[in-house]
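Examination of the molecular architecture
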Amino acid sequence: MKANSKSKISRRSLLKSGVAATTAAAAGTLGAPMIWAQSNIVLRQSGTGVSAFNEIAAKAKEDLGITMEMTALDSDSVAQKVATQPKSFDIADIEYWMCKKVWPIGNMQAMDTSKIKNYDKIVGIFKDGKLTPTSTIAQGTAPHTVSFVDGANGKSFSSEETGWMTMIPTIYNADTLGIRPDLINRPINTWAELLNPEFKGKASILDISSIGIMDMAMVCEAMGEIQYGDKGNMTKEEIDKTIGIFTEAKKAGQFRAFWKTFDESVNLMASGEVVIQSMWSPAITAVRSKGIPCVYQPLKEGYRSWGGGLGIAAHLSGKELDAAYEYINWYLSGWVGGFLMRQGYYSAAVETSKEYMSADEWGYWFEGKAAKGDIVNPQGVKMESAGAVRDGGSFYDRMGSVACWNAVMEENQYMVRKWNEFIAS
Amino acid sequence: MAVLQRNISSLLLASPVILVLSAFIIVPIILITAVSFWGATEFSIYPAFLFDNYEFLFTSEVTYRVFFRTLYFAFLVWLITLVIGFTVAYYLAFFVHSLTWQIICFLLCTIPFWTSNIIRMISWIPFLGRNGLANQSLIEMGIVNEPVEWLLYSEFSVCLAFVHLYTLFMVVPIFNTMMRIDKSLIEAARDAGASSTQILVNVIIPLCKPGIMIGSIFVVALVMGDFITVRFMSGSQIANMGRLISNDISLLQYPSACATAVVLLATVVIMISIMLRFVDIRKEL
């Protein structure tokens, strides 16, 4: 009997069951019930460079067996791609202001929140707009205003939680000006400093109209030049006046250069060509990793904030649609959140990331506490030593003082024209 | 009959060129012209026959400013590359006497072309920067006390990059025509008592006209159509026609990009036909 049963177990079947047991165990610990390895599913994700990391694709392959093909483009190009080439992507990794622009075109499908396991852990910013019950909602395209649609085939945005989301939020942050403290040597505390003649020929702003106009508005308002009804939805007069102030500054030689890509902003700052400019969090990290002091300066008027999420292309169905849900659930389950928080972003289901970060990392990035040991960037390169404190402090300090969200306005086409004139002037 | 047959066979012989040219030049130009009359929304373009794009182009003061800036760059770069290119070619053709050394020197001129022109352009940025090599040397030599700001992200840096990138396009055709000048003409001029300057002005320059013209066409067309050099070397601070077009394309405003392209194309064609009026290249070659 014994010998008989033994002979039935061939070497091959033993190997097979062994592999199955290991993968099942791995899947169990990660809370991912399905393994897609056999079906060779490939999903194409198009997004802005901020979250298109090969490390994420590799980890998705390892955990889920899904092959992710990441394409990183600049903001305008991604929006264009989603709007005009519906078959060219499976998952859109875009920002909420782009969602407002491209959703009505119908190339994306609404997502059933009952299939999203960590839905109740998603922070309030993306649901009712409030970080804490007492928060006020900032100007601009606040994510919750374009998060929900009324039903599976809904076209118009709903202000309430409907169970159908346009995108599942992933990362977000509060942006401000980056400065070189060693070259400025005095405290900076207002957006108005960007146009301070003291920094003539040493300032910069980003040449991406939809984001740049918001930075401009923060500056003009801080200078007391313009009182906006809503910075995220300016009137033609407000646009003219804002661009006018900056055109004058440009002609007076205030700006050293404008930047369009992440790398350009890093080089401008690191080389000392520019000492104050609009900047993104990972760029600050990159400058500091070179050993050059650079501060993401909190300013009294508050932050200009942005949020991004993953949306599913309208053409996905069947196995691929299931895989996309699986991927998005995995995205929110903590590992990716931990990875991206190390470059200064926040995860939408922020508490799930805690398990994937050390207590010291969590303290530094989320709670705004002084680091106890070395702080490393996502790739493991040392960035900060013990004692360092994150610029702007804790999550609630930073996300609690958002003055406006990146936005797309009704007068967008007019604004774009004016922006082009500003660049050409 | 024989004449007709000869006509047909020459037509057949020319047909591959005609096919290639029409597929890759004539048809795209027709398409661009057609689309320049279309309408556009934020994300789509639709067929129409509108003059909106041209109206916006011709009524905006910015267009004229950018247009003259483009012409200004073309003229300045043309002038500088002509002077440098002519001098280099003149030296190579008349002062280097052995053919081997002429070939060696000529190959030396092409060394920069071993890397892509984006790399050649971008490598100026750290050199010219506020804390770059140029400024550091100037300060160390005591020539200036403060870093010179206009070295980078200025008209100067744009022109410098253009000259660096395109001078060889001037050198090659001018050198080529100079090498074909019969040396006995120069000897004859000298025997007749002409000074070096007179030889240069009355003999060499007139005989080099086709080369100068071909080089000029290259340089003018390249500078007029450029957008990336202007963007990088001016830090996005200066615009030319190419940048207007690339901005429009990135914002999906294809019809207005096409309209700008048509105007640019017309200008370049007019300029080149005027230039060709001065020299009959086919006859001279």
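The rules behind each value
Residues numbered from 1 in each chain as written. Chains lettered and ligands numbered in written order. Predicted model: local features only at pLDDT ≥ 70, side-chain atom pairs only at ≥ 80, totals over all residues. Helix = DSSP H or I, 4+ residues; strand = E, 2+ residues; numbered from the N terminus. Rg over C-alpha atoms; globule rule 2.2 N^0.38 Å. Buried ≥ 20, exposed ≤ 12 C-beta atoms within 10 Å, placed from the backbone. Contact = placed C-beta atoms within 7 Å. Nonpolar A, V, L, I, M, F, W, Y, C, P; charged D, E, K, R; others polar. Pairing = 2+ DSSP bridges. Domains from an automatic or database assignment.

**Considering the overall build of chain B**
In terms of regular secondary structure, chain B is built from 14 helices and two strands. For 285 residues, the compact-globule formula gives about 19 Å, and the C-alpha radius of gyration of chain B, at 24 Å, lies well above that figure. Reported as C-alpha extents along the three principal axes, the dimensions of chain B are approximately 80 × 70 × 35 Å. Residue burial in chain B is summarised as follows: out of 285 residues, 29% are buried.

**Some thoughts on unusual backbone geometry**
The residue Asn185 of chain A is not glycine, and still its phi comes out positive at about 60°. By secondary structure assignment, the location of Asn185 of chain A is in the loop between helix H6 (181-184) and strand S12 (203-206). Taking the number of C-beta atoms within 10 Å as the measure of exposure, Asn185 of chain A has 8 and is therefore exposed. In the Ramachandran plot, Ser236 of chain B falls in the positive-phi region, its phi being about 65° despite a non-glycine side chain.

**With respect to the interface of chain A and chain B**
Listed per partner, the contact involves 25 residues of chain A and 19 residues of chain B. When residues of the side of chain A that touches chain B are traced back to their parent elements, those giving at least two are helix H4 (75-84), strand S13 (255-259) and helix H16 (412-424) of chain A. For the side of chain A that touches chain B, the leading source of residues is H16 of chain A, giving seven residues. The class makeup of the residues in the side of chain A that touches chain B is eight nonpolar, 10 polar and seven charged.

**What about the pairing of strand S3 (residues 91-95) of chain A?**
All names here are of chain A. Counted residue by residue, S3 has five buried out of five residues, so it is predominantly covered. Residue alternation in S3 divides its side chains into two sets, Ile91, Asp93 and Glu95 and Ala92 and Ile94, and both sets are buried. Note that strand S1 (residues 42-48) and S3 share three bridges and pair parallel. Counted as the bridge partner of Ser46 is Ala92 from S3. Here S3 pairs with strand S16 (residues 303-313) via five bridges, running antiparallel. The residue bridging Glu95 from the neighbouring strand is Gly308, located in S16.

**Focus: the domain arrangement of chain A**
Residues and elements named next belong to chain A. Taken domain by domain, chain A holds domain 1 (35-174 + 305-357) and domain 2 (177-301 + 394-424). Of note, the centres of domain 1 and domain 2, computed from C-alpha atoms alone, are 27 Å apart. If you look at the interface, domain 1 gives 24 residues, while domain 2 gives 23 residues. Counting only elements with at least two residues in the side of domain 1 that touches domain 2, the list comes to H4, helix H5 (96-102), strand S6 (139-140), strand S10 (168-175) and S16. A total of three residues in the side of domain 1 that touches domain 2 trace back to one element, the largest contributor, which is H5. Each residue belonging to the side of domain 1 that touches domain 2 can be placed in one class, and the counts come to nine nonpolar, 10 polar and five charged.

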